[in-house]
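Listed here are the chains, written in short residue letters.
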Amino acid sequence: MKFNLNLSMAIVASAMVAVSACGGSGSSESASSESTAAAPPPAPVEMSLEEKYKDDPIFIKGSELMGQNDCPSCHMLERKIVGPSYADVAAKYESTEENIELLAGKVIAGSVGTWGEIPMPAHPTLSEEDAKSLAQFVLLLKK
């Protein structure tokens, strides 16, 4: 019986220590604000580039042009295949009129050396306007 009384007293004492260590003596408002401040912020939900720009007119037009041409054979939005991903190109070049002209020219004339030794074939039948739309689309895709 004495053992049970000692055990009971030890349990009650442990509970009191735990309550006071957790801030049980303060008001419930301060305890909840402390626990909220200590919690790490939720991780941001990463959105794909396709989800991010799905309503953008430049993205819509560029996606249509990409589908009408052979671009998907070598490029993807966020993953390298044969050529760089569009996101990698966007990371390398600022979205300026000069870079739009430069990239449009590379699409029409073809290119080699910027991203390795595999050449990008020329697209001489593509209009300059469509090539510029493709370049604007690519440069839109900054992460």
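Parameters at a glance
- Residues numbered from 1 in each chain as written.
- Predicted model: local features only at pLDDT ≥ 70, side-chain atom pairs only at ≥ 80, totals over all residues.
- Heavy atoms only, no water.
- Disulfide = S-S within 2.5 Å.
- Core = buried A, V, L, I, M, F, W, Y, C linked by side-chain atoms within 4.5 Å.
- Buried < 20%, exposed > 50% of the residue type's maximum accessible area, 1.4 Å probe, protein only.
- Helix = DSSP H or I, 4+ residues; strand = E, 2+ residues; numbered from the N terminus.
- Contact = heavy atoms within 4.5 Å.
- Polar contact = N/O pair within 3.5 Å; in protein donor to acceptor, adjacent residues only side chain to side chain.
- Expected span 1.5 Å × (residues − 1).
- Salt bridge = Lys/Arg side-chain N within 4 Å of Asp/Glu carboxyl O.

## Some remarks on the state of the cysteines
- As enumerated under the stated definition, the model contains 0 disulfides in all.
- Unpaired in terms of disulfides, C71 finds its nearest cysteine sulfur in C74, a separation of 8.7 Å.

## Remarks on the nonpolar core
- The biggest cluster of nonpolar side chains holds 25 residues, and the ones touching the most others in it are F59, M66, Y86, F137 and L141.
- Taken together, the elements giving at least two residues each to this core come down to α3 (49-53), α4 (57-68), α5 (86-92), α6 (97-109) and α7 (128-140).
- Looking at which element gives the most residues to this core, the answer is α7, with 7 residues.
- Leave out the neighbours within four places in its chain, and M66 touches C71, P72, Y86, L134, F137 and V138.

## Quick word on the side chain of H123
- Counting through the fold element by element, H123 comes out in the loop between α6 and α7.
- By relative accessible area, H123 is classed as buried at 15%.
- Side chain to side chain, H123 and D70 meet in a polar contact 2.8 Å long.
- When neighbours within four sequence positions are excluded, H123 is seen to be in contact with D70, V107 and I108.

## Quick look at α6
- With 13 residues, α6 extends 18 Å between its outermost C-alpha atoms, agreeing within 8% with the 18 Å of an ideal straight helix rising 1.5 Å per residue.
- Here the buried face of α6 lies against α5 and α7.
- Within two residues after α6, G110 carries a phi angle of roughly 90°, on the positive side.

## Things to note about the pattern of salt bridges
- One pass over the full model with this rule turns up 3 salt bridges.
- Between K61 and E129 there is a salt bridge, with its nearest N and O atoms 3.9 Å apart. One end of the pair, K61, is in helix α4; the other, E129, is in helix α7, and 68 residues separate them in sequence.
- On the accessibility criterion, E129 (56% relative accessible area) is exposed.

## Describing α7
- Compared with the 18 Å implied by 1.5 Å per residue over 13 residues, the 18 Å span of α7 between its first and last C-alpha is a close match.
- Those residues of α7 not exposed but buried are A131, S133, L134, A135, F137, V138, L139 and L140.

## Some details on the side chain of S85
- Examined against the element boundaries, S85 turns out to sit in the loop between α4 and α5.
- What makes S85 buried here is its relative accessible area of 1%.
- Leaving out residues up to four positions away in the same chain, S85 has contacts with M76, L77, E78, R79 and K80.

Scope: geometric values only; no functional claims are made or implied.
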